[in-house]
Each structure stands twice: as structure tokens, then as C-alpha cells.
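# Fold and contact review
Spelled out from the first residue to the last, the chains are:
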Amino acid sequence: MRLDQDSFAQGYFKNAVYRHWDPYDIEGLEADKEKMIDFAPDEEKFDELRTAIARFGAGEEAVTEDLMPLGLVLEDINDQMFLSSQIYEEGKHTQFFDRYWREVINATAEELGYEVTQPTDQRYFNDHYIALFDKTEAAMENLLEDDSPRARTEAYCHYHLTVESVLAQTGYYGFTSAFSESGTDDVTDEDYPNAEGLVNGISKIRSDEGRHVGFGMQKVRGYVQSGEVDEDVVQETLQDLMPHVAGTFGDLTEGLNPMPLIEYSRDKLTRRIEIITDAEAEVPDVDELVKLNDSDEAAAAD
Ligand SMILES: [Fe+2]
Ligand SMILES: [Fe+2]
């Protein structure tokens, strides 16, 4: 047969097809807009919300654009099939955030009499955020020049382990905590309304990210456990990027409290490194990776 049904990549692809969802169909955005208008945050708090959403929307756009070099160097058909599903999903994530900006953010700004802005406005992106995504783009593009196990490990460490795993999963945990009953109450003292539209979309995205992170973990773990790449490469790459992750949350202090998010992200990073470096550890099964369970922090891809 052409395909290896027992490979993890083929199993991930099957899971992606089975769990398909439509970003144009996510419900609740109209209600989110009404609740946000009723809540009527002052302009500073509204700007902070816009900043968080702009960063995550731009992050999804960046990863959509930056994944292709990996698709060009992977040789295995099972891996390529999984990667094609990942690029498609990143496009859907980008679409959801764009839709949220149009239908909720700008509509709320208009109603409250605040400036209507673009999600690409440079005011929303701080230096740490820009550095993190510039380094990730460079690590991915480097594969076109140097397709070595070490370069691939560095690419996965930037893209799958830091941006998707630590940054995105932490951010989505923060959104879910602030705008729903689940997660932690520590990220804000404000009584933000439950934004079901936002949380519905983010839940789908987080679940997809569980698979993406799992793929990167499997690959990096393979290189480290086979001895092809020294675990120091993983440690050093992740340590270099972590200040940028913390810096991406660190200036959100208007209505949010970034400390629990920074702690959550460090905790995630530690567990990722354990799974990669401990010969006895295992990447969880794909059905576990896509599950969301904030109450015990077994959020996607633990
Ligand atoms: Fe994504
Ligand atoms: Fe992703």
C-alpha cells in the first residue's frame, strides 16, 4: 500500500479530517458584539482586548505563511498529508480571527464611539512579539538552505514547540479564562462577559493546535532519542525564545494579569522538554492531544 496506516502522521491526518470545522459557521459572534457593547469597556481596556486579538490573528497569519518550507523538505507521504492539513487549518484560524475583527471588534468600536482600527496596525505588536515571529520565519526558511536534522529540530522548536505550543496554547487558555467560566480566574479581576463566539472559535483552534504540536513533538523527540541531535539544541533554542513569549504577554496589564499566563507557559515548556528528553516518556495519543480540559490543566497537547 502507498500509505502507512500505522504511522502517527497518518493517524493525525485521519483525526484532522474527522474533526473538520468551518470558521464561517462558528456561532455566537453577534451575541459577543451585543454583550461587549453592553459591557462598554473604557477605551484602554478595549484597546487591550484588541491588542490580544490582533496578536493572535497575526500569529495565525504568520504561521500560515511560514509552514511551506517544511512541506517542501518532508519526503514521507504520510508526513506530507498531515502537513497539508495543518496549512489548511492555519488558514482557517486566520479566517476566524479576521472575521472576529470585522464582526465583533470593529462593530463594537463603532458603537462605543472609539477609533475603528485595522488588526494589522503596528501599535498592537511589541518588540518581543516581532522578534519571536522574525526568528521563527528565519528558522523555517533556513530549511531551504540547510535541510539537516539539526535545522529541522530548530525549525520545529521555533514553530511547533514555541509559537504553537507555548505561545498560542497559553494565549488561548488566557482568552478562555477571561471570557468563559472555564480556565482560571486569576488572569483578570474584571467581570468580562462570557464571549461564546470567541470561545467557540478558539476551542476549535486549540484542538487543531493539539495535533500540530503533537506532530512537532514526535519529530523532535525522534531526533533527540535517536541521538541524531543533541538535546542541548532543543534546550538552547527554547531558552532563547522564552523571554519573547513572556514579553508577548507581559504588557497586557490594563484589565489582565499576565503573571498566571507566564507561569502557565513556563510550565508547558517544562513538560514539553520532559517528553522530548525522557526516554520513558511518550507523546500522548492524538485523541488526547485534541481534548480540551482546563479544569485539571490537561489542555491540548500536554
Ligand atoms: Fe493555528
Ligand atoms: Fe497550528
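The structure reproduced in this document is the subject of the present report. (Residues numbered from 1 in each chain as written. Chains lettered and ligands numbered in written order. Predicted model: local features only at pLDDT ≥ 70, side-chain atom pairs only at ≥ 80, totals over all residues.)

### Focus on the overall build of the chain
Short version of the rule: Secondary structure follows DSSP: runs of H or I at least 4 residues long count as helices, runs of E at least 2 residues long count as strands, and numbering of each begins at the N terminus. Two things to know: the radius of gyration comes from C-alpha atoms, and the globule rule equals 2.2 Å times the number of residues to the power 0.38. By definition, residues are in contact whenever their C-beta atoms, placed on the basis of the backbone, come within 7 Å of each other.
Broken down by element type, the chain carries 11 helices and zero strands. Over its C-alpha atoms the chain spans a radius of gyration of 19 Å, differing by no more than 12% from the 19 Å that the globule rule assigns to 302 residues. A sequence separation of at least 24 residues applies to 79% of the contacts in the chain between residues at least 6 apart.

### Observations regarding unusual backbone geometry
Even without being a glycine, Ala40 presents a positive backbone phi close to 45°. Of note, Ala40 is situated in the loop between helix 2 (29-39) and helix 3 (43-66).

### Side note on the nonpolar core
Basically, it comes down to this: In plain words, the nonpolar core is the set of buried Ala, Val, Leu, Ile, Met, Phe, Trp, Tyr and Cys residues that C-beta atoms within 7 Å link up. Neighbour density around each residue's C-beta defines its exposure: 20 or more other C-beta atoms within 10 Å make it buried, 12 or fewer make it exposed, and counts between make it partly exposed, where C-beta atoms are placed from the backbone.
Ile53, Tyr100 and Val220 are the most contacted members of the largest nonpolar core, which totals 75 residues. Dropping the residues within four chain positions of it, Ile53 is found in contact with Phe97, Tyr100, Trp101 and Ile105.

### Focus on the environment of Asp76
Looking at where Asp76 falls in the secondary structure, it is placed in the loop between helix 4 (68-73) and helix 5 (77-112). Overall, Asp76 belongs to the partly exposed group, with 13 C-beta atoms counted inside 10 Å. For the pair formed by Asp76 and Asp4, sequence separation is 72 residues and the distance between their alpha carbons is 9.9 Å.

### Some details on helix 5
Filter applied, for reference: Between the first and last residue of a helix there are one fewer steps than residues, each counted as 1.5 Å, and that sum is the expected span. The bend reported for a residue corresponds to the angle between axes fitted to the seven residues ending at that residue and the seven starting there.
Along its 36 residues, helix 5 runs 51 Å from first to last C-alpha, staying within 8% of the 52 Å computed at 1.5 Å per residue. At Trp101, helix 5 shows its largest kink, close to 35°. In the segment just after helix 5, Gly113 is the residue with positive phi, at about 80°.

### Examining the environment of Lys135
Assignment of secondary structure puts Lys135 in helix 6 (residues 127-141). For Lys135, a count of 18 C-beta atoms within 10 Å puts it in the partly exposed group. Between the C-alpha atoms of Lys135 and Arg150, which are 15 residues apart in sequence, the distance is 16 Å. Discounting residues that sit within four places of it in the chain, Lys135 has contacts with His158 and Leu241.

### Digging into the packing of helix 5 against helix 8 (residues 196-225)
Note the following rule: For helices, the fitted line uses only the C-alpha atoms of the stretch in contact; every axis is such a line through C-alpha atoms, and the angle between N-to-C directions lies from 0 to 180 degrees. Should an angle fall under 35 degrees it is called roughly parallel, over 145 degrees roughly antiparallel, and 65 to 115 degrees roughly perpendicular, with every other angle called oblique. Left-handed describes a crossing whose near helix is turned anticlockwise from the far helix by less than a right angle; the clockwise case is right-handed. Three residue categories are used. Nonpolar comprises Ala, Val, Leu, Ile, Met, Phe, Trp, Tyr, Cys and Pro, charged comprises Asp, Glu, Lys and Arg, and polar comprises the others, including Gly.
Where helix 5 meets helix 8, the closest approach of the two axes is 10 Å, and the angle between their N-to-C directions is 160°. Relative to helix 8, the element helix 5 lies roughly antiparallel. The way helix 5 lies across helix 8 gives a crossing that is left-handed. Note on element contacts: helix 8 touches helix 5 through Gly197, Leu198, Gly201, Ile205, Asp208, His212 and Phe215, opposite Phe82, Gln86, Glu89, His93, Phe96, Tyr100 and Val104. In the contact of helix 5 with helix 8, the residues fall into seven nonpolar, five polar and two charged.

### Some thoughts on the packing of helix 8 against helix 10 (residues 259-277)
Remark: helix 8 packs on helix 10, axes separated minimally by 8 Å, with the N-to-C direction vectors making an angle of 50°. Comparing their axes, helix 10 and helix 8 come out oblique. Packed against helix 8, whose contacting residues are Met217, Val220, Arg221 and Val224, the element helix 10 presents Arg272, Ile275, Ile276 and Thr277 at the interface. Taken together, the residues that form the contact of helix 8 with helix 10 break down as five nonpolar, one polar and two charged.

### Here we look at the environment of Asp189
With respect to the element layout, Asp189 can be found in the loop between helix 7 (149-179) and helix 8. With 9 C-beta atoms packed within 10 Å, Asp189 lands in the exposed category. Remark: the alpha-carbon pair of Asp189 and Gln235, spanning 46 residues in sequence, is separated by 35 Å.

### Focus on helix 1 (residues 8-18)
Rules: Starting at the helix axis, one direction is taken to each C-beta atom, and the arc is that of these directions.
Taken as a whole, helix 1 has its buried residues at Ala9, Tyr12, Phe13, Asn15 and Ala16. Seen from one end, helix 1 has its buried residues packed into an arc of 165°, which puts them on one side. With respect to the buried face of helix 1, the exposed residues turned more than 90 degrees away are Val17 and Tyr18. Residues of helix 1 that are buried in the fold lie against helix 5, helix 8 and helix 11 (286-289).

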